[in-house]
Amino acid sequence: MSASLGPSLVLRSNASPRCLTGYISKSSSNNSNSISSTNDPSNPFDDGPTSPSSSASSSDVLYSTAFGTERGSLHFRTYSIDTTSTSSGEDTSQLLIDAETTIPDGLINLQGAVKGAIVGITLATRRTVSETTTQQQQQLPQLVLSDGNNTNLTSPPIFLLLVDDNRGATSATTSTIAAMDQNVGSYAAHLVIVKNGSFHKLPPAPSGDDGMLDGSSGTNNINNNMTTSPMMDKTLSLKRGGSTTGFGSTASSSGWFGESSSTTATGNMGGMSTPKNSMLGTPGLGSGTTASNTNASSTTTTSSLGSLPRMSCATYHPHTGFVYAAGTGVYGLPPPAVKAVLAGMTTMMNDSSSLGGRGGGSSSSSTYYRRGQVGGGGGIGTSSTTGGVSPSMMMKPPIALYRNCNHILPHPGVRGGSKNAMTLACSGRVAIVAVTNTFYAVPAFLDVNVLRNQEPSSLSANGVASSLPSVSATKLLSFAQSSQVHPVIAIEILSSNDGGMVPSSFSSGDVMRYLRSVTSLVVLASGRECTTVDIESIPDANAVSTIEKGGTVLGGMVRTAIQSSACRHGIATLPSPIVAAASLSGGSGVGDISSGPLVSLLTADGLVHMRSPLCVAVPLTTIEVGTRPNDYFSLSPLPSFMKHGGGKKTMLATSYGGEARLVYCQAESPQVFADRFIKLSIDAFGPNGFPRLELANSIGSTFSATSYVGPEPTAHKRSLLQQYLEVVLGLADDVRRGGGSLSSMASENIQIHVNQEGGLEVEVNESNKEDDLQVASSSLGPNALLTCTALLCLVCFQVNPPNATLACRASKACASAMGIRRRGDTSVAKSAVTVCELIADRLLKEAAAASFSRLSPSPISPSNRHAPSGASMQFVESAVWLLRSCGCHEKAIFVLEERMNDPALRNASVAGNGQVMSGGFAFGWSQIKFDSYIATHLGDLWSSKDEKYCQLVIQSSATRDLLARNPSLGLSIFTSTHPQNENEWRKMKPGDDPLAHPLYPSKVTELLKSVTPHANSKDFLEKVPKDASDSLPLHSGGRALAVAYLESALGISSGRPSESQSDPSYRREFDERKADMHDELSYLLLEGVISERVDGQSSEDSDLGALYRLKLRRLLSWPNSLIRSERLLKSLPTSFLREHALLLGRLGRHEDALRIFYCDLGSIELALEYCDIRHERKEEEGRKVRSSTPSECAYIPLVKVALNADPDPDRGVAAAIQVLALRRNVIDKSAALRLLPKNVPLSAMTRPFLIPAVVENQSQVRRLSVASALLRSRYMQLKKKLTDAQLKSQASLHTVPALQKLNLGEHLHSSKPTKARLVHPASSPNFPEVLLVKHFFSRHLVIQAQVINTNSSHLTQDDVRTLTDVAFVVAESSDEALLPTLQVPLKTLPPRATGSAWCVLAASPQRLDGTAFLASELRFTVLEVDAAGAPLTFVETNAPRYGRPFVEELQDMEIRHTEFS
């Protein structure tokens, strides 16, 4: 990471700046509050000239700054932002503010605005809540909104000024001290608004009777002939040293800024000035009153807000409004001031849209939060805005309120006087202030009334605060250094945004979402020290539960509690005192720490230090902005338009000399990262405490960094390295959400927004699930990822106490990101692999020493002090994950096996009292955990399909031991990648077939057959399943393991579909290998049946043998089986009759197979079952492949066997008739009847076969007749709709699809319809009525033949007809200038319907001489239909057309060349 200085911004003023704030706004072309104007291009009372308007017009975005000086002057500047590079989406890292436009585009200078130095200026910002705002807008603290119609709406900026009037807290009046309980701040406070190119004091909120929450009853009667309201006045001009009014209005001078005075001005007295040290108030309605600038808050009038309480420090948040601290208390503004701020920040429409409605409607001076409505309707006497204000443009009243916080802090009270002396964290719910050198967090109450659109507590004085419970401040941290000279600093950096983004309107779900816990990461600094702490705001659980159930709480207020963490990242000490700080937005910081959120610290020696808030003690880069003695006092972040992580982070450093310097933070280069990494490692371990040279070679660090010696290693340095590597690897978990950790800020479901102080708010989507192992490895190369993880594991072991959990998380995440990589992978440097191996060996050695020292009564090694109970094995686990990451898989497996098989560790675990107890295993690693780890590791290696790793899995003793110890888990090594259902089998690529490899299936089978599982008594008591689809008991032996593997590889139990040899993916080259595996499975099953037979003469199968036999029969019946039947048939014992029958059936000898079922086994049921299976397969094959030749019926062979093979002829005939009766719906009845002997009496077949067959056939005929009628009716309905649609599409010239595709040219005109006449009318009784219309185009002639299908005079009403293929044809043209090119016929013309046929002719009017004659014909086909108009017969679509065709010759048509004009 590096930093550079940019151009300086011009801050011309009459004195040194003391405070500064800035924001993004719109340019003068779009901003009604702009300082520049076409009518008045320059302000004659400014100190300096305005830059040309062209500079502002080049960009529609401005960076606006406001600053106060030590002499009480107030200044406002705007600078153009060059967005040309970001608009194209290119990450060019250009300056946000161009070097040529450092002179401001607009200036407002008010000299002597107040008496005293302006020590603080706070901007009231609002976040966009419009539904249509872009992600870019949501990231900027700005005053620009969109109303959903791309209309630019702007709010005037409002500032809270803190003025050092040299009165302090002791000069306040007695009444003020009594009112504020003696909590009087050090500075006077004023609210200022910038409007119409000038400064104004903030006017009070307008009063009205339309539901405003101010309680007043008067109306604001405004129209075009009356005085404009304070907020809508466009004629104000506050000049240097004073102010005047115009257009005959009356103004009252207020002493709110400086001395008390009263001045009356008229329109012809423009230019009259007030005394130098006073600022004229904004004109009001009529005469006003003068408010004395005392410590007491004066009464609010229609033109004056009155005096504000004195304050020591103040800040702003959209959920709280302005919050300040004074003495020992924390407060919000009084209700009148809150209303005024809300009114001033409400989005206003432009002048033309702010006029009243019909009848002289009124326009409100402001629209802010109202109860029950969001805008008026424009009637006279109603305070409203025409068109209303949408809820997305409304400002919500404060939601987080600080009540009962009067004496919550200890004496001597809060410190102030600096920009960041106070901050609001956790979405405004926690106020952080400092008392001397100690920081405190003050909780707020949540106003549920605002969430429910009810009367807010902040705008009413109903006495609820007195009944609320008391609160207490939480002490966060006390710094060792206590300096009252240098400021205290508190900045919120990150905030989980569950309750942060408040929508314009709330539902019950939104209310509960806001009432969740919110956590913030805050940077605290005092003197030369700084640190970061986590702060969590937790709403009261009882109140939340009550609200969730629909109940109410006291005053609608929910109390919050605060939980904070210790300084987990330590306290960083800088060389010089810290005078200012700023947070720089960013992304995750994973890999490139400069892309994440940063905090910049300005010290008294003029240096700006860049740090990461997640490892604040690690210096990243430093740049000098001021010379010595340093006069820079402030840092302000500039929001970037570029994405997080892209572009440069920019901030503004301001000096007392009036110079504001841009400071840029560039992205970190790999070289800078490498040098910092190795230096931090040397500081943590020493030059020889880690593989320094190997690390330098792997990450490419420079020689100077590698040869760095560094100081003596300390625990603090090791802690710094651990923090740094946590951030780089994305393992930091500083911000928590709802009790869960936000471990990696690189998730795509996390959105980051910029808060008011330039900090970040992190919004996590509900669907996001935190994964501690998620690492963005794309930012880190493989070498850096490996080495960073290895060094983090090493430092986790050496810190005290050791952090074994973090080491395991990091190493496991690294292994997941690296995947299965071979040792010789070129993407990973050998030096990086060496670093991992050396550190893994060291961890293993240290862990072994610590483990044995715990088993022995006395320590063996000094390193024993590191490892608590269970930590040793955790570091062994991290070492194994490291070895896996770098590709040393064989060593990783050996290490675990060695540890788990060590007799000294086996079956031992350390209890809480230090005694060794049985029942555990290796300090927290149980046997099942070890087995699961080994199975996962070996399974990953096997699934990689790498030859070396697959060979390692097969030959490893760990595989054999796991199979013997846990057969099911060991078998998953080889079967986890097999498809598990038919869908997966269909999606499988041919190369992924489990049997595709020529060697591995057979090797795995041999391995499994050689394994002898370690069965226990519990395994033998398990009941053997009776279903062939169930698994064999794997503890029974290696044969069961091999059978289970082959069944999974073949897919016999997972629904593998049949393979078609016509399929292009079907490959014949490994058919033989498949057949070998099928044969292997069949022989294994046969061996299982034979070996599991019960001894004795019965030769019955045992339970296990019966399961083997069921599986063998299922394999023989499986249609996808590739068993070599002849070979197996020779090996099959003669007693396996059913298996013999199945094999004969596979050979096509179905009668022999049925003879075994019927004769040898004497079971006609088994024979029918066999025939049923054949019949189902034939039907399935018939659906796939249509064949014209019918196949033989599957039941005919059984009839033949029953008639021919049965010794008893009568019994055979009876069996044949039984087959006919049982399968009469599927058997070929005629073929079966022909097989019966002729002497079989008819009575023998009547009852069992003939009568049921006839009844079923008649029933089927009736069913089919009804279905046919229904289908015919449905067909006619669809046919009618289709015909109507076709006729409609061809009814008009502009709707015919065929004509639309032609380039007909310009349409000239159309002729009147003429009736077509036949050449031979007497011989054409079926000729319909035809009307001809000619459409003339510049290059075409289109003839439309409107055919009306009505009955002729000689046809009766019952003689209906349908015409098809109706075409109008131009057979011949007398002139070549007219040639037919296209015909559009009518497909169908029902009776009593009208349709149009079209004919297109290409025309050349310039070649047409006189008149051309066209010989035309009408061609059609007549169909006979029934009374409903349906054809009497149905034919296939592609069948030849039926019906009687006609060709009727029409009289010639005349076409004149003049008709084309």
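Model, not experiment: these values are computed from the prediction.

Undergrad: Help me understand the overall build of the chain in this model?
TA: Counting secondary structure elements, the chain contains 36 helices and 51 strands. The buried share among the 1461 residues of the chain stands at 55%. For the chain, long-range pairs separated by at least 24 residues make up 72% of all intrachain contacts whose partners lie at least 6 apart in sequence. For the chain, the exposed surface amounts to about 62,000 Å²; the carbon and sulfur share of it is 50%.

Undergrad: Explain the sheet that holds strand β15 (residues 321-326) to me, please; I cannot follow it from the model alone.
TA: What holds strands together in a sheet is hydrogen bonding between their backbones, with the strands either parallel or antiparallel. Read from one edge to the other, the open sheet built from three strands follows the order β14-β15-β16, with strand pairing classed as antiparallel. Of all the strands in the sheet, the pair left with one neighbour each is β14 (313-317) and β16 (329-332). The mean inter-strand angle of the sheet, taken between neighbouring strand axes irrespective of direction, is 25°.

Undergrad: Quick question: what am I supposed to make of unusual backbone geometry here?
TA: Excluding glycine, residues mostly carry a negative phi; peptide bonds, for their part, are mostly trans. Looking along the chain, the bond that leaves His411 and enters Pro412 is cis, with omega of 10°. Structurally, the position occupied by Pro412 is in the loop between β17 (400-401) and β18 (423-425). Across the junction of Asn800 and Pro801, the peptide omega takes the value 5°, indicating a cis bond. Mapped onto the elements of the fold, Pro801 is located in the loop between α13 (782-798) and α14 (804-818). Phi at Asn404 is positive, roughly 55°, even though this residue is not glycine. Mapping Asn404 onto the fold places it in the loop between β17 and β18. Overall, Asn404 belongs to the partly exposed group, its relative accessible area being 29%. Phi at Asp1365 takes a positive value of approximately 50°, unusual for a residue other than glycine. With respect to the helices, strands and loops of the structure, Asp1365 is situated in strand β45 (residues 1361-1373).

Undergrad: Help me understand the pattern of salt bridges in this model?
TA: Pairing between side chains of opposite charge can happen when their charged atoms approach one another. Scanning the model with the defined rule gives 31 salt bridges in all. In this structure, the salt-bridge partner of Lys945 is Asp992, at a minimum N-O distance of 2.6 Å. Of this pair, Lys945 sits in the loop between α18 (927-943) and α19 (947-955) while Asp992 is found in the loop between α22 (982-987) and α23 (1000-1009), placing the two residues 47 residues apart along the sequence. Under the relative-accessibility criterion, Asp992 is labelled partly exposed at 38%. Here the salt bridges share partners, and the residues they tie into one network are Glu1072, Asp1076, Asp1079, Arg1124 and Arg1127.

Undergrad: I'm lost on the nonpolar core in this one. Help?
TA: Burial of nonpolar side chains together is a common tendency in soluble globular proteins. By size, the foremost hydrophobic cluster in this structure holds 197 residues, and its most contacted members are Phe677, Tyr724, Leu791, Leu792, Ile934, Trp942 and Ile1227. Looking at this core element by element, the count peaks at 12 residues for α13. Setting aside residues no more than four positions away along its own chain, Ile934 makes contact with Ile893, Leu896, Ala958 and Leu962. The next biggest cluster of nonpolar side chains, apart from the first, holds 54 residues, and it includes Leu401, Met422, Phe445 and Val558.

Undergrad: Would you explain helix α5 (residues 335-345) in this entry?
TA: In an α-helix there are 3.6 residues to a turn, and that puts residues three or four apart on one side. For α5, a buried count of nine out of 11 residues is recorded, marking the element as mostly surrounded by other parts of the structure. Along α5, the residues classified as buried are Ala337, Val338, Lys339, Ala340, Val341, Leu342, Ala343, Gly344 and Met345. Contact partners of the buried residues in α5: β6 (117-124), β9 (158-164), β10 (188-195), β14 and β15.

Undergrad: Just to check I follow, could you spell out the sheet that holds strand β31 (residues 621-624) for this structure?
TA: Sheet architecture is open: four strands sit in the order β28-β29-β30-β31, paired in antiparallel fashion. Edge positions in the open sheet fall to β28 (578-584) and β31, since each of these has one partner strand only. Taking each pair of neighbouring strands and ignoring which way they run, the sheet shows an average axis angle of 20°. Looking at chain direction, β28 and strand β29 (residues 598-603) are connected through six bridges and run antiparallel. Across the sheet, residue Ile578 finds its bridge partner in β29, namely Thr603.

Undergrad: What is the right way to read the pairing of strand β51 (residues 1453-1456) from this model?
TA: One face of the sheet, then the other: side chains in a regular strand alternate in exactly this way. Only one face of β51 is buried, namely the one carrying Met1453 and Ile1455, since none of Glu1454 and Arg1456 on the opposite face is buried. Examined bridge by bridge, strand β49 (residues 1411-1424) and β51 share four bridges and lie antiparallel to one another. Across the sheet, residue Leu1414 finds its bridge partner in β51, namely Met1453.

Undergrad: Just checking my understanding: could you explain the side chain of Ser1396 for this structure?
TA: Looking at the secondary structure, you find Ser1396 in strand β48 (residues 1394-1403). At 3.0 Å, the side chain of Ser1396 and the side chain of Gln1344 are in polar contact. Non-local contacts of Ser1396, meaning those with residues more than four positions away in its chain, are made with Gln1290, Ala1291, Gln1344, Ala1345, Gln1346 and Leu1386.

Undergrad: What's the story with the pairing of strand β30 (residues 607-611) in this structure? I'm lost.
TA: Counting buried positions along β30 yields five of five residues, so the element is predominantly enclosed. With burial as the criterion, each face of β30 is covered, one bearing Leu607, His609 and Arg611 and the other bearing Val608 and Met610. The sheet contact formed by β29 and β30 spans four bridges and is antiparallel. Within β30, the residue paired with Val599 across the bridge is Arg611.

Conventions used here
- Note that residues are indexed from 1 along each chain, following the sequence as it is written.
- Whole-chain, interface and lining totals are the exception, using all residues; otherwise, since this is a predicted model, local features are given only for residues with pLDDT of at least 70 and side-chain atom pairs are given and counted only at 80 or more.
- Each side-chain value is worked out from all heavy atoms of the structure, with water and hydrogens disregarded.
- The numbering of helices and of strands both runs from the N terminus, where a helix is a DSSP run of H or I of at least 4 residues and a strand a run of E of at least 2.
- Classification of residues uses two cut-offs on accessible area relative to the type maximum, computed with a 1.4 Å probe and protein chains only: under 20% is buried, over 50% is exposed, and between them is partly exposed.
- The contact criterion used is simple: two residues touch if any of their non-hydrogen atoms lie within 4.5 Å.
- Values of accessible area rely on a 1.4 Å probe in the Shrake-Rupley scheme; residue burial ignores everything except the protein chains shown.
- Any two strands are treated as partners once DSSP identifies two or more bridges connecting them.
- Lines fitted to the C-alpha atoms define the axes, with helices restricted to the stretch that makes contact. Angles between their N-to-C directions range from 0 to 180 degrees.
- Only one rule defines a salt bridge in this text: a Lys or Arg side-chain nitrogen within 4 Å of an Asp or Glu carboxyl oxygen.
- Residues belong to one nonpolar core when they are buried, are Ala, Val, Leu, Ile, Met, Phe, Trp, Tyr or Cys, and are joined through side-chain atoms within 4.5 Å.
- For the purposes of these results, a polar contact is taken to be a pair of N or O atoms within 3.5 Å, where, inside protein, one atom must be able to donate a hydrogen and its partner to accept one; residues adjacent in sequence count only when each atom of the pair is a side-chain atom.

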